[in-house]
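Report on the structure
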Amino acid sequence: MERGNDTQISEFLLLGFSEDPELQSIIFGLFLSMYLITVFGNLLIILAITSDSHLHTPMYFFLSNLSFVDICFTSTTIPKMLWNIQTQSKVITYEGCITQIYFLILFAVLDIFLLTAMAYDRFVAICHPLHYTVIMNPRLCGLLVLMSWIINILNSSLQSLMMLQLSFCTNIEIPHFFCELNHMVQLACSDTFVNNIVMYFAAVLLGGGPFAGILYSYSKIVSCIRRISSAQGKYKAFSTCASHLTVVSLFYCTMLGVYLSSAATHNAHSSATASVMYTVITPMLNPFIYSLRNKDMKRALKAFFVRRNV
């Protein structure tokens with residue numbers, strides 16, 4: 001691909017975590033294990049929800065979509081990293097890098113949108129229980145998921161198309177285990193002003209906006225719970241959103257921590273290591289959080305395995 005008078009770039013190098021050959025097998029085994037746990041754990045959540053009619057509710061509809069997105073999210077980065085370690089290569093093609101950026105943005109922000117929809121679902125269930133089935137009807141739930149996909153496909157397409165306009169010279173080393181948008185923009189040797197504006201505007205609008213919605217929903221939820229007179233009623237109300245609140249806290253706190261620490265230290269390798277928290281660890285832990293802290297999910301999983309063994 002020609003970039004004006006710049007050197008033609010057809011591939012980049014993903015530096016990963018370490019160049020020590022002795023650590024490669026450990027990293028390979030660790031990430032392969034986490035990837036398999038993530039895929040099978042989230043797949044079990046989807047199968048349990050689809051096979052149990054008692055879980056055909058808005059909350060579990062959003063959860064099954066979240067599990068599907070988490071599988072896709074981790075599949076965007078880890079298989080390529082494992083392949084590079086296995087083949088002792090660091091190369092990723094220019095086209096592969098742009099494709100990875102597209103799907104990373106798509107699934108990362110979809111995660112945020114789905115977590116926001118789940119927060120709204122919990123808000124309606126606790127604060128407006130008598131109108132829950134009317135408000136959270138199947139049409140609205142389907143529309144929320146559909147609109148999330150449409151908005152994020154458009155956002156990912158815009159970000160990827162703008163990446164195609166950038167020129168890359170001789171610096172082709174990416175200090176990460178995947179093609180991260182911000183690092184790629186920093187590597188460009190052409191003007192990136194418009195890219196930065198669009199990138200940060202999208203981050204504020206599509207990241208900060210939903211986060212504000214989650215905070216607002218939970219402020220209302222806390223207010224409603226405080227008005228409940230019995231301690232048992234308060235516990236029951238809070239337990240219905242405890243799993244979701246745990247996942248939201250884990251996802252946002254790790255992502256915020258990564259970007260604040262990278263901005264403070266300017267250490268790319270530290271940022272790559274820290275980003276494992278929200279790109280790998282959080283999707284892996286989601287099935288455990290929702291299954292171990294949720295009686296309905298534990299019952300559905302038990303029933304699923306019993307049917308499989310009959």
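Residues numbered from 1 in each chain as written. Predicted model: local features only at pLDDT ≥ 70, side-chain atom pairs only at ≥ 80, totals over all residues. Heavy atoms only, no water.

1. A look at the overall build of the chain
What counts is decided by this rule: The numbering of helices and of strands both runs from the N terminus, where a helix is a DSSP run of H or I of at least 4 residues and a strand a run of E of at least 2. Remark: exposure states derive from per-residue accessible area (1.4 Å probe, protein chains only) relative to the maximum for the residue type, with buried under 20%, exposed over 50%, and partly exposed in between. The contact criterion used is simple: two residues touch if any of their non-hydrogen atoms lie within 4.5 Å. Exposure was quantified through the Shrake-Rupley algorithm and a 1.4 Å probe, taking into account, for residues, occlusion by the shown protein chains and nothing else. Here Asp and Glu are counted as negative and Lys and Arg as positive; His is not counted, and neither are the chain ends. To locate a charge, take atom NZ for lysine, CZ for arginine, CG for aspartate or CD for glutamate.
When its secondary structure is counted, the chain shows 11 helices and 3 strands. The secondary structure elements of the chain, listed N-terminal to C-terminal, are β-α-α-α-β-α-α-α-β-α-α-α-α-α. Overall, the C-alpha framework of the chain stretches about 70 × 45 × 35 Å when taken along its three principal axes. Residue burial in the chain is summarised as follows: out of 310 residues, 48% are buried. In the chain, 79% of the contacts between residues at least 6 apart in sequence involve partners at least 24 apart. Accessible area of the chain: about 15800 Å², with a carbon and sulfur share of 67%. Distance between charge centres in the chain, computed from 17 positive and 15 negative side chains, equals 26 Å.

2. Considerations on the UniProt feature "transmembrane region" (unreviewed entry) in the chain
Counted only if it meets this: UniProt positions are given in the numbering used here, feature names are shortened, and annotations may be inferred rather than shown by experiment.
Taking the numbering used here, the UniProt-annotated feature "transmembrane region" (unreviewed entry) corresponds to residues 26-47, 59-78, 98-120, 140-158, 197-216, 237-260 and 272-292. Regarding residues 26-47, the helix share stands at 100% and the strand share at 0%, and the terminal C-alpha atoms are separated by 31 Å.

3. Focus: the side chain of asparagine 42
Put simply, the rule is: Polar contact is defined as a pair of N or O atoms within 3.5 Å, subject to the rule that within protein one atom must be able to donate a hydrogen and the other to accept it, and that residues adjacent in sequence are counted only when both atoms are side-chain atoms.
When you line up the elements, asparagine 42 lands in helix H1 (residues 21-51). For asparagine 42, a relative accessible area of 1% corresponds to the buried category. Polar side-chain contacts of asparagine 42 include one of 2.8 Å to the backbone oxygen of threonine 38. If we skip the residues at most four places from it in the chain, asparagine 42 touches Ile37, Ser67, Asp70, Ile71, Pro283 and Pro287.

4. Here's the deal with the packing of H1 against helix H3 (residues 78-86)
Describing two packed helices takes the angle between their axes plus the distance from one axis to the other. Here is the rule we go by: The axes used here are C-alpha line fits, helices contributing only the stretch in contact, and every angle between their N-to-C directions lies in the interval 0 to 180 degrees. Each angle is binned into one of four classes, with values under 35 degrees roughly parallel, values over 145 roughly antiparallel, values of 65 to 115 roughly perpendicular, and all other values oblique. In this scheme, a crossing is called left-handed if the near helix is turned counterclockwise away from the far one by less than a right angle; it is called right-handed if the turn is clockwise. In this classification, the charged set is Asp, Glu, Lys and Arg, the nonpolar set is Ala, Val, Leu, Ile, Met, Phe, Trp, Tyr, Cys and Pro, and all remaining amino acids, among them Gly, are polar.
Where H1 contacts H3, the axes come no closer than 10 Å and their chain directions differ by 150 degrees. Accordingly, the angle class assigned to the pair H1 and H3 is roughly antiparallel. Between H1 and H3 lies a crossing whose hand is left-handed. Every residue of H3 that contacts H1 at Gln24, Ile27, Phe28, Phe31, Leu32 and Tyr35 is listed here: Ile78, Pro79, Met81, Leu82, Ile85 and Gln86. In terms of residue class, the contact of H1 with H3 is made up of 10 nonpolar, 2 polar and no charged.

5. Some points on the pairing of strand S1 (residues 11-14)
Stated formally: Here, a strand pair is defined by DSSP locating no fewer than two bridges between the strands.
Because side chains alternate across S1, one face comprises the buried residues Phe12 and Leu14, and the other comprises Glu11 and Leu13, none of which is buried. Note that S1 and strand S2 (residues 91-93) share 3 bridges and pair antiparallel. Within S2, the position partnered with glutamate 11 by the bridge is threonine 93. Strand direction decides the pairing type here: S1 and strand S3 (residues 173-174), joined by 2 bridges, are parallel. Residue pairing for S3: leucine 14 is matched across the bridge by isoleucine 174.

6. Some words on the sheet that holds S2
Strand pairing in a sheet relies on backbone hydrogen bonds, with the paired strands running either antiparallel or parallel. Strand order in the open sheet formed by 3 strands is S2-S1-S3, with mixed pairing between adjacent strands. With one partner strand each, in any of the chains shown, S2 and S3 form the two edges of the open sheet. Strands in contact with helix H4 (residues 94-127) are S1, S2 and S3; relative to S2, the strand with the most contacts, it is inclined by about 80 degrees.

7. Re the nonpolar core
Our working rule: Only buried residues count toward a nonpolar core. Its members are Ala, Val, Leu, Ile, Met, Phe, Trp, Tyr and Cys residues joined through side-chain atoms within 4.5 Å.
Membership of the largest hydrophobic core comes to 67 residues, with the highest contact counts inside it found for Phe31, Phe62, Leu63 and Met297. If near-sequence neighbours (up to four positions away) are discounted, leucine 63 is found in contact with Ile45, Ile49, Met118, Tyr290 and Met297. With 23 residues, the next largest nonpolar core counts Ile101, Val109, Leu166 and Ala188 among its residues.

8. Some details on the environment of asparagine 294
Among the secondary structure elements, asparagine 294 is positioned in the loop between helix H10 (268-292) and helix H11 (295-309). Taking the C-alpha atoms as reference points, asparagine 294 and cysteine 97, 197 residues apart in sequence, are found 38 Å from one another. Those residues within four positions of asparagine 294 in sequence are excluded, and the remaining contacts are Met59 and Tyr60.

9. Here we look at the state of the cysteines
Heads up, the rule is: Disulfides are defined as cysteine sulfur pairs within 2.5 Å.
All chains considered together, the criterion is met by 2 disulfides. With its sulfur 1.9 Å from that of its partner, cysteine 97 forms a disulfide with cysteine 179. Classification of the bridge connecting cysteine 97 and cysteine 179 rests on its S-S torsion, roughly -115 degrees, and on that basis the disulfide is left-handed. One end of the pair, cysteine 97, is in helix H4; the other, cysteine 179, is in the loop between S3 and helix H7 (181-187), and 82 residues separate them in sequence. You can call cysteine 97 buried: its relative accessible area is 0%. Across the disulfide, cysteine 169 is cross-linked to cysteine 189 (sulfur-sulfur distance 2.0 Å). Around the S-S axis, the bridge from cysteine 169 to cysteine 189 shows a dihedral of about 85 degrees and counts as right-handed. Of this pair, cysteine 169 sits in the loop between helix H6 (138-164) and S3 while cysteine 189 sits in the loop between H7 and helix H8 (193-226); the two residues are 20 residues apart in sequence, bridging distant segments of the chain.

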